[in-house]
Amino acid sequence: MGYRKFSAPQIFTGSELREALVLITDADGRVEALVDRQEAGDDVQYWDGILTPGFVNAHCHLELSHMKDVIPAGSGMIDFLLGVMGQRAVQEELVLQAIEAAETAMRQQGIVAVGDICNTAFTLPQKQAGRLYYQNFIEATGFLDATAAARFAAAETVYHQFRAAAPAVTNRWGANSSIVPHAPYSVSPTLFGLIAISQPHGLLTLHNQESEAEEQFMQTGQGGFNRLYETLGLDIAFYQPQGKTSLQTTLPRFLPNQTVLLVHNITTSEADLQFLEEGRQAGSLPEVHFCLCPNANLYIGNGLPDVHLLLQHGVNLVIGTDSLASNHALDMAAEINTLRQHFPQIPLQTLLQWGTLNGAIALGIEDRFGSFEPGKQPGVVIVSEDLSVARRVG
Ligand SMILES: [Zn+2]
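What you see is a predicted model, and the numbers here were worked out from it, not measured in a lab.

Tell me about the overall build of the protein chain, and name the residues and values.
Along its length, the protein chain carries 14 helices and 17 strands. Relative to the compact-globule value of 21 Å for 394 residues, the protein chain shows a C-alpha radius of gyration of 21 Å, a close match. Projected onto its principal axes, the C-alpha positions of the protein chain cover 70 × 45 × 40 Å. Look at the contacts in the protein chain between residues 6 or more apart in sequence, and 73% of them connect residues 24 or more apart. Surface summary for the protein chain: the accessible area is close to 15,400 Å², and the carbon and sulfur share equals 50%. Each charge sign in the protein chain was given a centre, from 22 positive and 41 negative side chains, and these centres are 5 Å apart.

What follows is the structure in C-alpha cells.
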C-alpha cells in the first residue's frame, strides 16, 4: 500500500505544536507515524503553514444553511430568535441545496466531524453520503408544560428517522443521535424531564447562557424575552423564575450520568463554575463540556464569554461555528482566529486543541479523530499561520 508523507514548518499533533516532523499516513489517511524529518525518506510533500488534524465543529445547525444573510448582524438575541422562527421556512429544494453547499465548504475547510442540531430531517439525505461524521442532536422546544408530551413525541419521530438511517455509526455512547433540549427559556421542566429520563447515559447539548437577556429572564422573569413570548402569542403568566442563574436553574435537570455540551456560555460566572464543581463532586450533576461559538456571538451582538475564567477553572473547552443564520461561514479556523484576536494570551496550541482533540473527546470519537496518533483517521488539514485559510489536504 502507498504511503503519504506531509510536512510543514509546524505540525500540530492534537495537543502541541512541533517543528521538523513528518506525518506519514496510508492511502486512506490512517496515521502511521509522526517522525523526524531525517527519518522520513523520500516523497515528502511540504506545505506552508501549520498541519493539523481535521477540525471538530462541536455546534452547528446545518439545516439553517439557507438563512445566510437573512437576519442582519447585530440584531440582538430576541430579534434573532424571531427572525429564525419567522423566516426559516422556504422551498425544500433551496434548503437541501444550501445544506449540500455548506457541507462541501465545511469539508474543504478542514472540518471532519460536526455536532449538529436538528429540528427536522432535512439534513439526513446529505449526511447519508458519509462525507463527514455527525452527532445529530435532535432538538425539542416547548415552554408550555401542556405541550411537553406532544413536543417530545415530535422530536422522537425525527430521532427515529436518524437512527434508522445510520444504525452502524457509533461513538462512546453507542449512537450518534440523541434528543436534546433547546435552551433554558424554551423548554418546560416537564419537557426537560421527558428528554432527560429517555437517555439517562446519553450525550446531550443545550444552548446555555447565550445572552444577558436570557440571564435576566431566568433570574427575574424580566427583560426582552417577554417581548419574544408576546410576539409568539404565548401566555407565560405561569412562569416562576427561581432566582438562580440560567445554568444553576437548568443544569440540575440533567442526570448525573449524562454528558452535556453547554453552548455559548456568555454569562457563565465564577459562581456557576463553583456550582458545577461542587455538583460534580457530590455526584449530582452531569459531565460538562463548554462550547465556544465566538463569531456567532459577535454576529448576534451578545459579546463573548469570559474565556479566561473558563480556562482558569480547567473546564473542557470545545469550539463550534453555530449556523449560517448567525455567522458568515462555517469555518473553524475563523473561530480560532477570533479567539486568538480577543484572547491573545492563550497559546495557539491550546486554541487548536479545543478545535480538534477536545471536540473529538466531547463527541466521544477520539478513537478516530482529533489527533495524529497512529491508527486514527483524523483528516489532514493545512492552515495558514495567520489562520485566514484552512484546507483539507489528506
Ligand atoms: Zn445554536
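Next comes the rest of the description.
Pulling in residues and values, what's your account of the domain arrangement of the protein chain?
According to the domain assignment, the protein chain consists of domain 1 (1–53 + 371–394) and domain 2 (55–369). When each unit is reduced to the centre of its C-alpha atoms, the spacing between domain 1 and domain 2 is 31 Å. Each partner contributes residues to the interface: domain 1 has 21 residues there, and domain 2 has 20 residues. Buried area between domain 1 and domain 2, summed over both chains or domains, comes out near 1,700 Å², and the portion from carbon and sulfur atoms is 58%. The interface formed by domain 1 and domain 2 contains zero salt bridges. Viewed at the interface, domain 2 and domain 1 are joined by six residue pairs in polar contact (both at pLDDT 80 or more). Those elements that place two or more of their residues in the side of domain 1 that touches domain 2 are strand E7 (50–53), strand E16 (380–383) and strand E17 (390–392). Here the residues of the side of domain 1 that touches domain 2 sort into nine nonpolar, six polar and six charged.

If you had to explain the sheet that holds strand E10 (residues 133–140) to someone new, which residues and values would you point to?
Strand order in this open sheet of four strands is E8-E9-E10-E11, and the pairing throughout is parallel. Since the sheet does not close on itself, it has two edges, and those belong to strand E8 (55–60) and strand E11 (177–181), each with one partner. In this sheet, neighbouring strand axes are inclined to one another by 20° on average, regardless of whether the strands run parallel or antiparallel. Here four bridges tie E8 to strand E9 (residues 111–118), and the two strands are oriented parallel to one another. Across the sheet, Phe55 pairs through a bridge with Ile111, a residue of E9. Across the sheet, helix H2 (residues 92–108) lies against E8, E9 and E10, angled at about 145° from E9, the strand it touches most.

Tell me what's going on with the pairing of E16, and back it up with residues and numbers.
Taken residue by residue, a regular strand's side chains alternate between the two faces of the sheet. Both faces of E16 are covered, namely the face carrying Val380 and Ile382 and the face carrying Val381 and Val383. Pairing between E16 and E17: three bridges, direction antiparallel. For Ile382, the partnering residue across the bridge sits in E17 and is Arg391. Linking two consecutive strands that pair antiparallel, namely E16 and E17, is a turn of six residues; a positive phi of about 65° is found at Leu387 within it.

Summarise helix H9 (residues 270–281); cite the residues concerned and give the values.
The first and last C-alpha atoms of H9 sit 17 Å apart over twelve residues, in line with the 16 Å expected at 1.5 Å per residue. Within the sequence span of H9, burial applies to Asp272, Leu273, Leu276 and Gly279. Considered in projection along H9, the buried side chains sweep an arc of 125° and stay on one side of the axis. Opposite the buried face of H9, at more than 90 degrees from it, the exposed residues are Glu278 and Gln281.

Break down the sheet that holds strand E13 (residues 259–264) for me, with residues and values.
The strand order across the open sheet formed by four strands is E12-E13-E14-E15, and the pairing between neighbours is parallel. The two strands at the open ends of the sheet, each matched to only one other strand, are strand E12 (203–208) and strand E15 (316–319). The mean inter-strand angle of the sheet, taken between neighbouring strand axes irrespective of direction, is 30°. With four bridges joining them, strand E14 (residues 287–292) and E15 adopt parallel strand pairing. Bridge pairing in E15 links Phe290 to Leu317.

I'd love a proper account of the coordination of the zinc ion, names of residues and values included.
Coordination of the zinc ion by the protein involves His59 (NE2), His61 (NE2), His207 (NE2) and Asp322 (OD), with metal-donor separations of 2.1 to 2.6 Å. Each of the four donor atoms bound to the zinc ion contributes to angles spanning 84 to 170°, and the resulting shape is irregular. Here the donor residues of the zinc ion share one chain and are spaced in sequence as H-x1-H-x145-H-x114-D. Taken together, the positions of His61 in the loop between E8 and helix H1 (77–87) and His207 in strand E12 put the pair 146 residues apart, joining distant regions of the chain. Here His61 falls in the buried class, since its relative accessible area comes to 8%.

Report on the nonpolar core, specifying residues and quantitative values.
Grouped together as the largest cluster of nonpolar side chains are 83 residues, with contacts concentrated most on Phe55, Met106, Phe290 and Trp354. Counting contributing residues, this core receives three or more from each of domain 1 (1–53 + 371–394) and domain 2 (55–369).

Can you tell me about the packing of helix H12 (residues 332–342) against helix H13 (residues 348–355), naming the residues and giving the values?
The interhelical angle for the contact between H12 and H13, taken along N-to-C directions, is 140°, at an axis separation of 10 Å. Crossing angle aside, the handedness with which H12 passes H13 is right-handed. Across the interface between the two elements, Met332, Ile336, Leu339 and Arg340 of H12 pack against Leu348, Leu351, Leu352, Trp354 and Gly355 of H13. Its residues assigned to classes, the contact of H12 with H13 shows seven nonpolar, one polar and one charged.

Explain the environment of Val380 to me, using residue names and the numbers behind them.
Looking at the element boundaries, Val380 is found in strand E16. It is 6.9 Å that separates the C-alpha atoms of Val380 and Leu51, two residues lying 329 residues apart in sequence. Dropping the residues within four chain positions of it, Val380 is found in contact with Phe6, Leu23, Thr25, Leu51, Thr52, Phe372, Arg391, Arg392, Val393 and Gly394.

Criteria and cut-off values
- Residues numbered from 1 in each chain as written.
- Predicted model: local features only at pLDDT ≥ 70, side-chain atom pairs only at ≥ 80, totals over all residues.
- Heavy atoms only, no water.
- Helix = DSSP H or I, 4+ residues; strand = E, 2+ residues; numbered from the N terminus.
- Rg over C-alpha atoms; globule rule 2.2 N^0.38 Å.
- Contact = heavy atoms within 4.5 Å.
- Areas by Shrake-Rupley, 256 points an atom, 1.4 Å probe, with all protein chains shown as cover.
- Lys, Arg positive; Asp, Glu negative; His and termini not counted.
- Charge placed at Lys NZ, Arg CZ, Asp CG, Glu CD.
- Domains from an automatic or database assignment.
- Buried area = accessible area lost by both parts, 1.4 Å probe.
- Salt bridge = Lys/Arg side-chain N within 4 Å of Asp/Glu carboxyl O.
- Polar contact = N/O pair within 3.5 Å; in protein donor to acceptor, adjacent residues only side chain to side chain.
- Nonpolar A, V, L, I, M, F, W, Y, C, P; charged D, E, K, R; others polar.
- Pairing = 2+ DSSP bridges.
- Axes fitted to C-alpha atoms, helices over the stretch in contact; angles between N-to-C directions.
- Buried < 20%, exposed > 50% of the residue type's maximum accessible area, 1.4 Å probe, protein only.
- Expected span 1.5 Å × (residues − 1).
- Arc of directions from axis to C-beta.
- Donors = N, O, S within 2.8 Å, 3.2 Å for Na, K, Ca; no water.
- Tetrahedral: all angles 85-135°; square planar, octahedral: opposite > 155°, others 65-115°.
- Core = buried A, V, L, I, M, F, W, Y, C linked by side-chain atoms within 4.5 Å.
- Left-handed = near helix turned anticlockwise from the far one by under 90°.

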